[in-house]
Amino acid sequence: MKRKKQTILSWLKIPALLAGITLLIHIFFFTSCYIPASGMENSLFPGDHVLVNKWTYGYRLPLSSLWGYHRLLAHPVKQGDIVLFNNPYPPVLSTSPEKRNIYIGRCIGTPGDTLYTDTLFLSVTSSIPADPDKKSLYRYSVSKEKEIRKLLTDLQIPHSELMGSADSFSIRSFSHYEHYLLEQEIKGESWIHPFIPDSLRHYPLIVPGKNQEITITPQNIRLIRNTLVLHEGADAEVINDSLYIEGRHTLTCRFTKDYYWIASGNSVNFADSRLFGLVPHDHVIGKGCWVWFSKRKESALFQGYQWDRIFKPVY
């Protein structure tokens with residue numbers, strides 16, 4: 001009886017040891033991120049489980065609320081990296097970054113970079129090659145709704161839901177390639193136009209870095225004010241289209257941290273820097289490495305496995 005009990009205890013040690021090793025790896029080396037929606041298509045897809053390396057940008061010590069923010073062997077985020085990070089615009093400002101919701105996105109702006117954005121802060125140009133599958137918003141006359149539905153059916157263009165409509169026009173999202181196919185099919189002059197006219201896409205946005213001086217403009221004033229309040233601990237406010245820091249009017253300001261501009265893979269998904277602003281380096285968790293598991297949402301137990309996604313590198 002005693003030998004049987006010892007055997008049971010020895011067998012229980014194995015799963016306990018494995019659980020302990022897994023916990024240590026999760027805390028100190030890697031973590032996993034689940035992709036619930038299509039915001040990162042065509043790099044990551046709903047149902048993907050992504051392995052994230054916590055040491056790529058240096059290991060962020062836990063419990064920063066107790067002893068402050070510290071990072072071992074810190075490295076900067078590179079443009080084009082898929083980054084896991086904490087929400088930089090939390091509903092409660094007093095919470096430490098590590099307690100906030102987690103997002104994943106692609107870094108398209110590093111400290112000192114100049115991006116050109118439209119009125120919705122959507123990046124228009126960057127050093128990353130244009131993706132033919134990247135979604136953009138397009139508008140057309142409401143009188144063309146029946147015609148565009150037929151075109152979508154004839155061209156077998158899926159997942160192009162109506163995004164919104166007004167009295168005179170409707171809005172849908174298409175990739176660059178889908179828009180090209182539609183224009184080829186339309187007889188005569190195209191009646192599908194970008195929702196944001198090209199003439200409005202000329203606003204430079206400089207991504208701030210540590211000790212870098214940034215000039216305040218009408219386009220970045222709200223973004224700069226929010227960044228100062230949220231991450232620099234400054235008393236800043238906008239009064240009559242002018243920025244006041246600690247009660248003094250200013251035309252420029254300096255930052256104490258490095259910041260990044262993070263974009264989603266799908267331009268109609270606003271869960272990126274257009275929604276929550278600049279991401280400071282202390283909010284960065286790690287870099288996405290590869291997909292270790294993938295299964296479609298709400299699929300049955302033995303269905304929906306996306307085998308072609310498993311062990312696929314993230315880039």
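Further up the page is the structure itself.
Since this is a predicted model, take the numbers as computed values, not measurements. (Residues numbered from 1 in each chain as written. Predicted model: local features only at pLDDT ≥ 70, side-chain atom pairs only at ≥ 80, totals over all residues. Heavy atoms only, no water.)

Section: the overall build of the protein
Summing up its helical and strand segments, the protein has 6 helices and 22 strands in all. Expressed as a percentage of the 315 residues in the protein, the buried residues total 39%. Within the protein, counting contacts between residues at least 6 apart in sequence, those at least 24 apart form 64% of the total. Accessible surface, the protein as shown: approximately 18,500 Å² in total, 58% of it carbon and sulfur. (Helix = DSSP H or I, 4+ residues; strand = E, 2+ residues; numbered from the N terminus. Buried < 20%, exposed > 50% of the residue type's maximum accessible area, 1.4 Å probe, protein only. Contact = heavy atoms within 4.5 Å. Areas by Shrake-Rupley, 256 points an atom, 1.4 Å probe, with all protein chains shown as cover.)

Some points on the sheet that holds strand 17 (residues 248-250)
Strand order in the open sheet made by the 3 strands is 15-16-17, with antiparallel pairing throughout. Every other strand in the sheet has two partners, leaving strand 15 (236-239) and strand 17 as the edge strands with one partner each. Within the sheet, the average angular offset between the axes of one strand and its neighbour, ignoring direction, is 40°. Note: strand 15 against strand 16 (residues 242-245), 4 bridges, orientation antiparallel. What sits directly across from Ile-239, in strand 16, is Ser-242. (Pairing = 2+ DSSP bridges. Axes fitted to C-alpha atoms, helices over the stretch in contact; angles between N-to-C directions.)

Structural notes on the pattern of salt bridges
Working definition: two side chains of opposite charge can pair if their charged atoms are close together. The tally for this structure, following the rule as stated, stands at 8 salt bridges. Glu-145 is the partner of Arg-149 in a salt bridge, and the nearest nitrogen-oxygen pair spans 3.1 Å. Note that Arg-149 and Glu-145 are positioned in helix 3 (residues 145-154) at a spacing of 4 residues, about one turn of the helix. Ionic contacts of the salt-bridge type, sharing partners, join the residues Glu-145, Arg-149 and Arg-172 into one network. (Salt bridge = Lys/Arg side-chain N within 4 Å of Asp/Glu carboxyl O.)

A short note on helix 3
Every buried residue of helix 3 is listed here: Glu-145, Ile-148, Leu-151 and Leu-152. One face of helix 3 carries all of its buried residues, which in axial projection span an arc of 120°. Facing away from the buried side of helix 3 by over 90 degrees, the exposed positions are Lys-146, Lys-150 and Thr-153. (Arc of directions from axis to C-beta.)

Some points on the nonpolar core
Ile-224, Leu-228, Leu-243, Ile-245, Cys-253, Phe-255 and Trp-261 are the most contacted members of the largest nonpolar core, which has 21 residues in total. Looking at this core, the elements that each hand over two or more residues are helix 5 (221-231), strand 15, strand 16 and strand 19 (259-263). Other than its neighbours up to four places away in sequence, Leu-228 contacts Gly-233, Ala-234, Ala-236, Leu-243, Ile-245, Cys-253 and Phe-255. Within the second largest apolar cluster, 12 residues are counted, among which are Cys-33, Ile-35, Leu-84 and Ile-285. (Core = buried A, V, L, I, M, F, W, Y, C linked by side-chain atoms within 4.5 Å.)

Notes on the packing of aromatic side chains
Summed over all chains, the structure comprises 13 aromatic pairs. On the basis of an interplanar angle of 15° and a centroid distance of 5.2 Å, the ring pair of Trp-55 and Tyr-59 is categorised as stacked. Residue Tyr-59 is classed as buried on the basis of its relative accessible area of 5%. Measuring from centroid to centroid gives 5.9 Å for Trp-292 and Phe-293, while their planes differ by 35°, and the two rings are tilted. You can call Phe-293 partly exposed: its relative accessible area is 25%. The rings of Trp-292, Phe-293, Tyr-305 and Trp-307 are connected pair by pair, giving a single aromatic cluster. Positioned over the ring face of Tyr-305 is Lys-295, at 5.3 Å from the centre of the ring. (Phe/Tyr/Trp six-rings, centres within 6.5 Å; stacked < 30°, edge-to-face > 60°. Lys NZ or Arg CZ within 6 Å of the ring centre and 35° of its normal.)

The values reported here are purely geometric and, on their own, carry no functional implication.
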